[in-house]
Amino acid sequence: MPIDTIERFLAALSPHDREEVQRESREEQERLAAAWETELQVDTDLDTLSELSPAAAESEAAARVMRGRFE
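Residues numbered from 1 in each chain as written. Predicted model: local features only at pLDDT ≥ 70, side-chain atom pairs only at ≥ 80, totals over all residues. Heavy atoms only, no water.

1. A few points about the confidence of the model for the protein
Caution applies to low-pLDDT parts of the model: their predicted coordinates are not meant to be read in detail.
Here's step 1: This prediction gives the protein a mean pLDDT of 88; 90% of its residues lie at or above 70.
Here's step 2: The element-level mean pLDDT for the protein is lowest in helix H4 (residues 44-52), coming to 73, with helix H2 (residues 15-22) highest at 96. (pLDDT = per-residue confidence, 0-100. Helix = DSSP H or I, 4+ residues; strand = E, 2+ residues; numbered from the N terminus.)

2. Considerations on the nonpolar core
Here's step 1: Counting 16 residues, the largest nonpolar core has Phe9, Leu13, Val21, Trp36 and Ala62 as its most contacted members.
Here's step 2: When residues of this core are traced back to their parent elements, those giving at least two are helix H1 (3-12), helix H3 (26-42) and helix H5 (54-68).
Here's step 3: The contacts of leucine 13, once residues within four sequence positions are left out, are Arg18, Val21, Ala62 and Met66. (Core = buried A, V, L, I, M, F, W, Y, C linked by side-chain atoms within 4.5 Å. Buried < 20%, exposed > 50% of the residue type's maximum accessible area, 1.4 Å probe, protein only. Contact = heavy atoms within 4.5 Å.)

3. Observations regarding the packing of aromatic side chains
Here's step 1: Applying the stated criterion across every chain yields a total of one aromatic pair.
Here's step 2: A centroid spacing of 5.8 Å and a plane angle of 50° characterise the contact between phenylalanine 9 and tryptophan 36, whose relative ring orientation is tilted. A residue pair is termed long-range when its members are at least 10 positions apart, and phenylalanine 9 in helix H1 and tryptophan 36 in helix H3 qualify at 27 residues. Each member of the pair, phenylalanine 9 as well as tryptophan 36, carries the same accessibility label: buried. (Phe/Tyr/Trp six-rings, centres within 6.5 Å; stacked < 30°, edge-to-face > 60°.)

What follows is the structure in structure tokens.
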């Protein structure tokens, strides 16, 4: 997975979540970044939000991925 995908995912996270993910292994960071990209591609609500604010859509998708880790 390209590093820029992980970097984009990290940038979309809240500061607290970013620190948590940065402590994870490279493999886990890649897995989470891939889940984030999937969330962005699959969720049609995020498509609408992305048209208005791409950064907000990326942040919402990142928050969903992090919430999903604990469900």
